[in-house]
Amino acid sequence: MKRLVCVLLLGLSLLGAGMWSSAATDNYVFAEVQQQVRFYALLGELRCVVCQNQTLADSNAPLAADLREEVYRLLGEGKTNAEITDYLVTRYGDFVLYNPPFKNTTYLLWLAPFFCLIIGAIIIVMVVRRQRRAL
Amino acid sequence: MFKTLKIYRLSIPLVVFLLLAVLLWQGLSNKPAELPSMLIGKPVPAFQLATLQSDTLVNQTIFHGQFSLLNVWATWCVACRVEHEFLTELAQQGVVIYGLNYRDHREAALVWLNDYGNPYQLNLFDAQGKTAIDFGVYGTPETYLVDPQGIIRYRHVGALDNTVWEQEFLPRMQVAL
């Protein structure tokens, strides 16, 4: 039990460490803390279209730097989060959103894991029942 | 009756395997890193840029009146050097090619064009890459096909070659005449 707790804590702390690292060494100045919070939240939701496994917050690609600049500029102009993500989606498509939107084209993507889980559970139940009957 | 049931149940894994095999086989020809352009069927985004040659500003009306290509390139881009010969061929055939010099230096770009030849009617100078963002540029080189009304018909990411030209660009240039 103690070992399990230690392993869990270690795992969680590593996960946490990963979340705080960021390659964005740019120094941005914000008028208010709220803007800064929104800025980094947005960067975490947007994909770097060059290094496509990274968010805009993490990527070192020049285009990522350019897009961070754009997000910063749009925030400064008073745009809402929706307007900023729209701005990027208009230019780069849904793929620029790190979380795929829930649309007709992505229902399968979002719901398939749940279906697989349900089917798996049903199969397990059926197999266990059959084994019990055999006993 | 029990025999057929057993065969039916035994064949389920086989069927599942075949379905997966088909899906994965199709997946081999997917190019997930490629983004389709959001601008297909839409007009060229409005811009005002200086050219490499002069500081006089040009805007999106340069695309009106004929089919043209917009080629996004830079001196630091190796693949651009590779596709350059093909672009020169196209220019010699009379294809109108405009360049978008992306995040580059004017002097370096002019020297490059001098050394390797200039297939471009003119080169938009996008030093900051801001106009490129409006186009949805994410990898250099990119080539856009623009029709006489200024509508974007196609975008190719990567070096342009004869195969892509014949399969993707030429067919789209026949349609509206």
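What counts, and where the lines are drawn
Residues numbered from 1 in each chain as written. Chains lettered and ligands numbered in written order. Predicted model: local features only at pLDDT ≥ 70, side-chain atom pairs only at ≥ 80, totals over all residues. Heavy atoms only, no water. Salt bridge = Lys/Arg side-chain N within 4 Å of Asp/Glu carboxyl O. Helix = DSSP H or I, 4+ residues; strand = E, 2+ residues; numbered from the N terminus. Buried < 20%, exposed > 50% of the residue type's maximum accessible area, 1.4 Å probe, protein only. pLDDT = per-residue confidence, 0-100. Contact = heavy atoms within 4.5 Å. Buried area = accessible area lost by both parts, 1.4 Å probe. Polar contact = N/O pair within 3.5 Å; in protein donor to acceptor, adjacent residues only side chain to side chain. Nonpolar A, V, L, I, M, F, W, Y, C, P; charged D, E, K, R; others polar. Expected span 1.5 Å × (residues − 1). Arc of directions from axis to C-beta. Disulfide = S-S within 2.5 Å.

Moving on, we get to the pattern of salt bridges. Oppositely charged side chains may form a pair once their charged atoms are brought near each other. Evaluation of the coordinates by the stated rule reveals ten salt bridges over all chains. Note that Glu70(A) and Lys130(B) form a salt bridge whose closest N and O atoms lie 3.8 Å from each other. Of this pair, Glu70(A) sits in helix α3 (residues 62–76) while Lys130(B) is found in helix α4 (residues 130–135), placing the two residues in two different chains. By relative accessible area, Glu70(A) is classed as buried at 3%.

Moving on, we get to the confidence of the model for chain B. In this model, chain B carries a mean pLDDT of 92, and residues with pLDDT of at least 70 account for 97%. Overall fold confidence for the complex sits at a pTM of 0.79, while the interface term, ipTM, reaches 0.81.

The next point concerns the interface of chain A and chain B. Opposite the 16 residues of chain A that make contact, chain B presents 13 residues. In total, about 1,300 Å² of surface goes out of reach between chain A and chain B, with carbon and sulfur atoms giving 54% of it. Contact with chain B buries area across many residues of chain A, yet Asp66(A), Arg91(A) and Tyr92(A) alone supply 42% of it, more than any other trio. Seen at the junction of chain A and chain B, the total is three salt bridges. On inspection of chain A and its partner chain B, the count reaches three residue pairs in polar contact (both at pLDDT 80 or more). Where the side of chain A that touches chain B is concerned, the elements lending two or more residues are α3 and α4 (81–92) of chain A. Broken down by element, the side of chain A that touches chain B gets its largest block of residues, six residues, from α3(A). Per-class residue counts for the side of chain A that touches chain B are nine nonpolar, three polar and four charged.

Looking now at helix α2 (residues 33–45) of chain A. Residues and elements named next belong to chain A. For α2, spanning 13 residues, the distance from its first C-alpha to its last is 19 Å, which sits close to the expected 18 Å at 1.5 Å a residue. When α2 is considered as a whole, its buried residues turn out to be Gln35, Phe39, Leu42 and Leu43. End-on view of α2: buried residues confined to an arc of 100°, all on one side of the axis. On its buried side, α2 packs onto α3 and α4.

By definition, a disulfide is the covalent link that joins the sulfur atoms of two cysteine residues. Residue and element names in this part refer to chain B. Following the criterion strictly, the structure yields one disulfide over all chains and no others. Between the sulfur of cysteine 77 and that of cysteine 80 lies a disulfide, 2.2 Å long from S to S. Here the S-S torsion is close to 90°, and the disulfide linking cysteine 77 with cysteine 80 is therefore right-handed. Residue cysteine 77 shares its accessibility class with cysteine 80, and that shared class is buried.

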